[in-house]
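Fold and geometry: a report
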Amino acid sequence: MFPHKKRRKEAAAPPGPVAPPVLFPDVWIFLVERRMGAARRGFLTSLAQRKGFCVAPEFSGAVTHVVSEQNSFTDVLSWIERKTGKPMQSAADQTSPHILDIGWFTESMSLGKPATVEARHRLGILGSQMCEDRAALPSVAPYACQRQTPLTHPNSEITDALEMLGKAAALQGSEVRSLAFARAASVIKSLPIKLRSANEAKNLVWCGGHCQAVIQEILEDGTCHEVEELKVSEQYRCMELLTSVFGVGVRTAERWYKDGVRKLSDLEELNIKLTADQRAGIEHYADLKQPVTLEEAERVQHLIKDALCRFVPDLTITMTGGFRRGKQQGHDVDFLITHPDQESLSGVLEKAVDWMDSQGLLLYHHTKVRSHVHAPRRSTHMDGHETCYAIFALPNCDTGRSECEAGAPGATHSDLASPGAHTWRAVRVDLVVTPHDEYPFALLGWTGSKHFERELRRFSWHEKNLSLNSHGLYDTEQDCSIPATSEEEIFALLGLQYVPPPYRNA
Ligand code: UTP
Ligand code: MN
């Protein structure tokens, strides 16, 4: 199956890469793969080796520094015990070997030498003991990009309420109040334990006055009166309905509300002029309001891979957005498309979109051409990638096996035209094309969450005087961009600990 390799003559073999010199022979690092993953462990291993550190491939008595990510002290100990089959001593101030959090590693890499081990580097004894000790909640870093925020957490009643109040503020045009609620919700999402009283939250960053009252009400009554009022408010319900239509923002919804629109059918009755995307959004509203499942997202991926690879076979196509953060459903599916060779990227999206359209796979599409030219003067949400905003006709999976394989080459969907036979469902899809050198920045920017991105940009600007967007990182004083080849490198350049996608659910 494999092509036969011609054996080069020994003499002609090029010299192998020279191993970097060992600068710290007394330090042997062992990286725990659990929760870190093999790929990241490999990346960190070569980073450390390049900087002259020894990294042990297996755990042994020679290891001096055990480094792990998102594990507790006891997690690491039992993991090592399982791997080696030998019991370990388990003192929290363990020094041989040191059981450390990734923070020690990151600090050592930026120092260019092993950081002196301090109490803050050691893994705490988490788990049950932490839940019993209610003297204080763990301290929470002020920026969401400095924290780990998993998808699920034990305080969702509180964060749902805060997020709803934040949404109501945004729908009323108050960005400042909306942001305040979003920040408080995000802090509470990062807590590993259930809050028992508002008092416990009083020292948490961004969780002042109004949020305190909301937390107290939820914990004491199970509901928050402001949220209950919103649920029955005609204006809130109507604004939420209108802004949930594809192509409708807060300003448009406000205008329609003032014009007397209360339900979608009013738009026609009141003769409201619609844009093409809004028309498509209303036509497919019932489908689009149903969350897209991971299984459906994977079928969309199959379709677009097939379409794009007809024109350029070796494109990199990555699913981003909420699904990359581990969500099981979303409001749309987001994809990034790139290739090391810029020539290959030119025109490929247009060709693939035209082909999919000819196959009846698209119900609506609109492509925005690339607009990014210069580095911005300051942090901005501007995103100038070539992007296709589309509504796909995703063939149903329950209408027979052949439909499930609709991504197979040559599949056509002539039933699209007949409204009676609804063998597909409408799904919102964003396709984004990015030059190869901007790919890590686009990947970081399109993985979200929106709040995590907002905080990353705010952190870069206010703490590092650097401007970050989904095209690059810019030093505005030196007027130059700072390249990076991976998300890990961008975090490192910002002096931040790496936050893997499942922990960016801020
Ligand atoms: P989404 O709005 O798709 O959010 O944007 P999501 O997290 O995937 O959530 P659901 O599941 O679809 O509801 C994904 C990321 O892409 C960025 C957003 O900031 C977010 O972080 N984005 C989106 C852009 O950078 N530019 C855009 O034009 C749209
Ligand atoms: Mn999305």
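**What about the coordination of the manganese ion (ligand 2)?**
In a perfect tetrahedron of four donors around a metal, the angles come out at 109.5 degrees. In a perfect octahedron of six, they are 90 or 180 degrees. For the manganese ion (ligand 2), the full set of protein donor atoms is Asp332 (OD) and Asp334 (OD), at a range of 2.1 to 2.2 Å. Here Asp332 and Asp334 have matching classes, each one buried.

**What about the pairing of strand E3 (residues 65-68)?**
Of the two faces of E3, both are covered, the one formed by His65 and Val67 as well as the one formed by Val66 and Ser68. Relative to E3, strand E1 (residues 28-31) runs parallel, the two sharing 3 bridges. Note that in E3 the partner of Phe30 across the bridge is Val66. Pairing between E3 and strand E4 (residues 98-101): 4 bridges, direction parallel. Bridge assignment links Val66 to a residue of E4, and that residue is Ile99.

**Remarks on the pattern of salt bridges**
All told, the structure shown has 19 salt bridges when counted by the stated rule. Of the charged contacts, one joins Arg183 and Glu455 as a salt bridge, the two residues approaching to 3.7 Å between their closest N and O atoms. Placement of Arg183 in helix H6 (residues 175-189) and of Glu455 in helix H20 (residues 450-464) is noted, with a sequence separation of 272 residues between them. Look at Glu455 and you get buried, because its relative accessible area is 1%. A salt bridge links Glu455 to Arg458, with the shortest nitrogen-to-oxygen separation between them at 2.9 Å. Placement of both Glu455 and Arg458 in helix H20 is noted, with a separation of 3 residues, approximately one turn of the helix.

**A closer look at the side chain of Ser460**
Note on placement: Ser460 falls in helix H20. Of the residues examined, Ser460 reaches a relative accessible area of 0% and is grouped as buried. In this view, Ser460 contacts Asn465, Leu466, Leu468 and Leu494; residues no more than four positions away in its chain are not counted.

**Considerations on the site of ligand 1**
Around ligand 1 lies a shell of 15 residues, among which Gly322, Lys327, His331, Asp332 and Lys450 are the nearest. One nitrogen or oxygen atom from the side chain of Arg325 is found 2.9 Å from an oxygen atom belonging to ligand 1. The contact in question runs from an oxygen atom of ligand 1 to an N or O atom on the side chain of Lys450, over 2.7 Å. Relative to its unbound accessible surface of 590 Å², ligand 1 loses 78% to contact with the protein. Listing elements by their share of the shell around ligand 1, those giving two or more residues are helix H15 (321-324), helix H19 (439-447) and H20.

**Digging into the sheet that holds strand E14 (residues 480-482)**
Taken in spatial order, the 3 strands make up an open sheet running E12-E13-E14, and their pairing is antiparallel. Across the chains shown, the open sheet's two edge strands, defined by having one partner strand only, are strand E12 (466-468) and E14. Across this sheet, the average inter-strand angle for adjacent strands is 35°, counted without regard to direction. Sheet topology places strand E13 (residues 473-475) next to E14; 3 bridges connect them, and they run antiparallel. Looking at the pairing, Asp475 lines up with Cys480 of E14.

**Brief notes about the environment of His153**
Tracing the backbone through its elements, the reader meets His153 in the loop between helix H4 (128-132) and helix H5 (156-171). Along the primary structure His153 and Lys194 are separated by 41 residues, whereas in three dimensions their C-alpha atoms are 8.3 Å apart. At 3.1 Å, the side chain of His153 forms a polar contact with the backbone nitrogen of Asn155. Only 3.3 Å separates the side chain of His153 from the side chain of Thr159, close enough to count as a polar contact.

**Quick look at helix H1 (residues 38-50)**
Taking 1.5 Å of rise per residue, the 13 residues of H1 would be expected to cover 18 Å, and the 18 Å separating its terminal C-alpha atoms lies within 8% of that figure. Of all the residues in H1, the buried ones are Arg40, Arg41, Leu44, Thr45, Leu47 and Ala48. Here the buried residues of H1 occupy an arc of 165° about the axis, which is enough to place them on one side. In this structure, H1 carries Ala39 and Arg50 as exposed residues pointing more than 90 degrees from its buried face. Note on H1: the residue one or two positions beyond its end, Gly52, has a positive phi of about 90°.

**Comments concerning the packing of H5 against helix H7 (residues 209-221)**
Where H5 contacts H7, the axes come no closer than 10 Å and their chain directions differ by 135°. In terms of orientation, H5 and H7 fall into the oblique class. Considering only the axes of H5 and H7, their crossing is right-handed. Contact residues: Glu157, Ile158, Ala161, Leu162 and Leu165 in H5; Cys211, Val214, Ile215, Ile218 and Leu219 in H7. The class makeup of the residues in the contact of H5 with H7 is 9 nonpolar, no polar and 1 charged.

What counts and how
- Residues numbered from 1 in each chain as written.
- Chains lettered and ligands numbered in written order.
- Predicted model: local features only at pLDDT ≥ 70, side-chain atom pairs only at ≥ 80, totals over all residues.
- Heavy atoms only, no water.
- Donors = N, O, S within 2.8 Å, 3.2 Å for Na, K, Ca; no water.
- Buried < 20%, exposed > 50% of the residue type's maximum accessible area, 1.4 Å probe, protein only.
- Helix = DSSP H or I, 4+ residues; strand = E, 2+ residues; numbered from the N terminus.
- Pairing = 2+ DSSP bridges.
- Salt bridge = Lys/Arg side-chain N within 4 Å of Asp/Glu carboxyl O.
- Contact = heavy atoms within 4.5 Å.
- Near = heavy atom within 4 Å.
- Polar contact = N/O pair within 3.5 Å; in protein donor to acceptor, adjacent residues only side chain to side chain.
- Areas by Shrake-Rupley, 256 points an atom, 1.4 Å probe, with all protein chains shown as cover.
- Axes fitted to C-alpha atoms, helices over the stretch in contact; angles between N-to-C directions.
- Expected span 1.5 Å × (residues − 1).
- Arc of directions from axis to C-beta.
- Parallel < 35°, antiparallel > 145°, perpendicular 65-115°, else oblique.
- Left-handed = near helix turned anticlockwise from the far one by under 90°.
- Nonpolar A, V, L, I, M, F, W, Y, C, P; charged D, E, K, R; others polar.

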